[in-house]
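Structural features, examined
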Amino acid sequence: MRVRGTIFLALAAAGVLSLPPAQAATQDKPHRHSTHAKAPVADEQRLDREDARYFLTRIGFSPSESELDTYAGLTHREAIDRVLAQTGTVATTPPPAWVDEPIIPYNKLPDEDARKAARQKNAAHELELRAWWMGEMIKTPSPLTERMTLFWHNHFVSSTQKVPFAQLMYRQNVLLRQDAVGNFGTMLHAIGKDPAMLIYLDGADSRKGKPNENFAREVMELFTLGEGHYTEQDIKEAARAYTGWSIDRDHDFAYIWRPQVHDTGTKTVFGQSGDYDGDQMLDILLSRPETATFIAIKLWREFVSPDPDAAQVQHVADAFRSSGYDIKVALRELFMTPAFWAPQTRATLVKSPVEMIVGTLKEFNVQYSDPTPFAIKSAQLGQNLLATPNVKGWPGGDAWINSTTLLGRKQFLDQLFRSTEMKAPAQQAQQQKPGVMVAAMRADLKEGGAVQGLGQALKGMGQEGRFKLAQSQTMVSFNSAKWLAQFGADGDDPPQLGPRISIQRAVLPIEPTAPIPVKLAGTAYLRTLMMDPAYQLK
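Residues numbered from 1 in each chain as written. Predicted model: local features only at pLDDT ≥ 70, side-chain atom pairs only at ≥ 80, totals over all residues. Heavy atoms only, no water.

1. Thoughts on the pattern of salt bridges
Our working rule: Criterion for a salt bridge: a side-chain nitrogen of Lys or Arg within 4 Å of a carboxyl oxygen of Asp or Glu. By the criteria applied, helices consist of DSSP H or I runs no shorter than four residues and strands consist of E runs no shorter than two, each listed in order from the N terminus. Each residue gets one of three labels from its accessible area relative to the maximum for its type: buried under 20%, exposed over 50%, partly exposed in between, using a 1.4 Å probe on protein chains only.
Tallied over the full model, the rule gives 27 salt bridges. A salt bridge links Arg177 to Glu146, with the nearest nitrogen and oxygen atoms 2.8 Å apart. Taken together, the residues span a long stretch of sequence, with Arg177 in helix α8 (residues 166-178) and Glu146 in helix α7 (residues 143-153) at a distance of 31 residues. Assigned by exposure class, Arg177 and Glu146 land together as buried. Note that Asp275 is salt-bridged to Lys267, the shortest N-O span being 3.4 Å. For Asp275, a relative accessible area of 44% gives the class partly exposed. One salt-bridge network, held together by shared partners, links Arg49, Arg53, Glu65 and Asp69.

Spelled out as C-alpha cells, the structure:
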C-alpha cells in the first residue's frame, strides 16, 4: 500500500510544504491511533470520535461536531448500516425552475442573435445547475448519496462541453442519483439510453451500415470491463447492437427507439453470436466477471487508498457480482474491509476540490447566501461540475495537486477564515453601486483563475443576476469563536493542552507537517491548522 509520504512529496513538489522533500517523506510516521493499533476489523469494535470523523469524511464530507455524536459509540457495522439506510434517491433541494422548460433547438431560432442569446442563457443555466448541486452536497441529509452521485458522474462521463442544453445534464444528474446506491446494472442500462450520453458519445446518430463505435468502446473500457479485456473486433461488433438508440430533437430531446436504423444482423462478441440489441449487449458485459472487479477497484481508490489490495478487492467484487450488482452490498463489504479501518490507510487520499470546499463549509458551519461562488471556486481548483475534462473524467488523487491549485486552495481557506463576520450585510450590499460590485467580482474571478464558459454565463444571467452573484460573495460568514468554544477554547487566548489537541484532531487527519507555536491564540492556531498541507488529506 502506498504510504502517505508519497502524498507529502507531491505536496512538497507543489511548493506548499515547508519541509524539504526528504524531511516530508519522514513525516510518514504512525498515525496517532497507532500507539494503540486496533486488530483487524470486527463487527463488535466501536468507533471513538476520531474513528467517526474519519469514517464520515471518507464516505461523505467532513462532518460537524454534532454529526459525530450520533456515530461515536457505534460498532463498525452499525455505523455502516446507518449511513447506507439513510441514503436516498432524490435531491432534497428544489432544482431551478427552468429544468422543466421545453428544449428549443438552436437551429429552430430565428437568427444568429437569438441563437447567441440562447447559448448565453444556457451557460447561465449550467452555472446555476452546478450551484444547485453544490448546495445539495452541502445540505444533504445523506452525504454518501451525493458522494456516490459524484462518483458515477465521473464514471459515466458526460459534459456540458458537448451536451448543448443544461436540462439534459440535470436529467442525467437525476438518473445517477436515482441508482447511486441502487443497482449498477439498472443504472448501466439507463445511462446507455440517456440523451446526454447519446449526444456526448455520438450514439444518437449511429445506424445500420454506419455504427458509431464511441459508446461501444467506452462502455467496455471505462464503464464495465476495463482495458485489456476486449478486442477491437468486439467493439466493432458491439457497436452494431446499439444502433437505433437515439433522441427525438423535435420532442424535448427525449430518448427514442428507431427500429428502422437498427442492425438486426448476427453479432459475435467474446465468442458469443446472436442478433443482439443494445440491452442484450449490456447484459453480456454484466455477465463478465471483470465488470464487478473493475467497479470494485474504482470504489477502492475512491474510498480506501490509491493502491488496491487484490485479495480484499476480489472479496468485494465477488459479493457485488453475487448480489446482482447491488451497490449497497459492494459498499458494505468495502467499508468492512480491514484496509478501510487500518491506521496506515488514513491520510492516504487527497480531497477533491468539491470535497475540500463542501467539507470545510459543513465542518465549520459557514453561513452563505448563494452556493454559486463555491461552484466557481471548485472549477477554478480543477473540478468544474458537469464539465469533466474528457471521457475519462477527472483523474483524481495526486493529480489534484499542483502549485496553482494548492495555492488556490490556501487562498480560499484564508479568505473564508477572514470572514469572521459578515463583510457586508444584505442591507448594505444592496446600497452599493451594482457596477462597482460587479467590477470587483470580475477582478476577483480573474485572479482566481479561468473557468471555461464563465464569461458566457455572466452575460447570460443579465445585469441583475451578476449583481446578485457579486452580493453573494460578500455574504459569507464563519464564526471562529463559536466554533472554538465547542472545545473549550477562546479565539483571543492560546488554547490549553486538552482543547489544543482536540482542535488539531478535528481539523487534521494526521499530525501537522510543521510544529505550531504553543503561544498562538485560538483563532490564529485554527487558521494555522487549516493552512497546513495535511488539511488537504483525508
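2. Quick look at empty space enclosed by the protein
What counts, and what does not: Both site types are read off a 1 Å grid over the protein atoms alone. A 1.4 Å probe that fits but cannot get out defines a cavity, while an open set with protein on both sides within 12 Å along at least five of seven lines defines a pocket; lining residues have an atom within 4 Å of a point. Grid points are joined across faces, edges and corners, and a volume is the space filled by probe spheres set on the points. As a working rule, the residues Ala, Val, Leu, Ile, Met, Phe, Trp, Tyr, Cys and Pro are called nonpolar, Asp, Glu, Lys and Arg charged, and the rest polar, with Gly in that last group.
With the rule as written, the count across this model stands at five cavities of 30 Å³ or more. Put simply, the largest cavity is a space of about 240 Å³. The wall of the largest cavity is formed by 20 residues, among which Arg53, Tyr54, Thr57, Leu508 and Pro509 lie closest to the centre. When contributions to the lining of the largest cavity are tallied by element, the ones reaching two or more residues are α3 (49-59) and α26 (497-507). Within the lining of the largest cavity, the residues separate by chemical class into eight nonpolar, three polar and nine charged.

3. Focus on unusual backbone geometry
Of note, the phi angle at Asp202 is positive, near 60 degrees, even though the residue is not glycine. Within the secondary structure layout, Asp202 lies in the loop between α10 (195-200) and α11 (214-224). Although it is not a glycine, Ala347 sits at a positive phi angle of roughly 65 degrees. Within the secondary structure, Ala347 sits in the loop between α17 (338-341) and α18 (353-363).

4. Concerning the layout of surface pockets
The gaps left among the atoms become clear once a water-sized probe is rolled over them. Each pocket or cavity is described by its volume, and for the largest pocket that value is around 890 Å³. If you go around the largest pocket, you meet 32 residues; those closest to its centre are Asn154, Lys298, Trp394, Pro395 and Gly396. Sorting the residues of the lining of the largest pocket by element identifies α7, α11 and α14 (289-303) as the ones contributing at least two each. Among the elements that take part in the lining of the largest pocket, α14 stands out by supplying five residues, more than any other. Each residue belonging to the lining of the largest pocket can be placed in one class, and the counts come to 14 nonpolar, eight polar and 10 charged.

5. Overview of the environment of Phe364
Cut-off, in case you're wondering: Note on contacts: a residue pair qualifies if any of its non-hydrogen atoms lie within 4.5 Å across the two residues.
As for its position among the elements, Phe364 is in the loop between α18 and α19 (372-380). Note on Phe364: relative accessible area 2%, which makes it buried. Spatially, the C-alpha atoms of Phe364 and Ser480 are 7.9 Å apart, while their sequence positions differ by 116 residues. Residues within four places of Phe364 in sequence aside, it is in contact with Phe478, Trp483, Val507, Leu526, Met530 and Tyr535.

6. Observations concerning the environment of Met281
One can find Met281 in helix α13 (residues 278-287). Each C-alpha atom, one on Met281 and one on Ala239, is 9.3 Å from the other, the two residues being 42 residues apart in sequence. Residue contacts for Met281: discarding those within four places in its chain leaves Ala238, Ala241, Tyr242, Val269 and Tyr276.

7. Quick notes on α19
Of all nine residues that make up α19, nine are buried, and the element is covered over most of its length. Those residues of α19 that sit buried are Thr372, Pro373, Phe374, Ala375, Ile376, Lys377, Ser378, Ala379 and Gln380. Contacts made by the buried residues of α19 are with α6 (112-139), α18, α20 (403-417), α22 (434-448), α23 (454-460) and α24 (462-473). Just beyond α19, the residue with positive phi is Gly382, at close to 110 degrees.

8. Focus: the confidence of the model for the chain
This is how the line gets drawn: For every residue, the pLDDT score states the predictor's confidence, bounded by 0 at the bottom and 100 at the top.
A residue-level look at the chain finds 90% of positions with pLDDT of 70 or above and a mean pLDDT of 91. Confidence drops under a pLDDT of 50 for residues 14-41, and excluding neighbours within four residues, the segment shows 59 contacts in the predicted structure. In the model, residues 421-430 has pLDDT below 50 throughout and makes 18 contacts with residues more than four positions away in sequence or in other chains.

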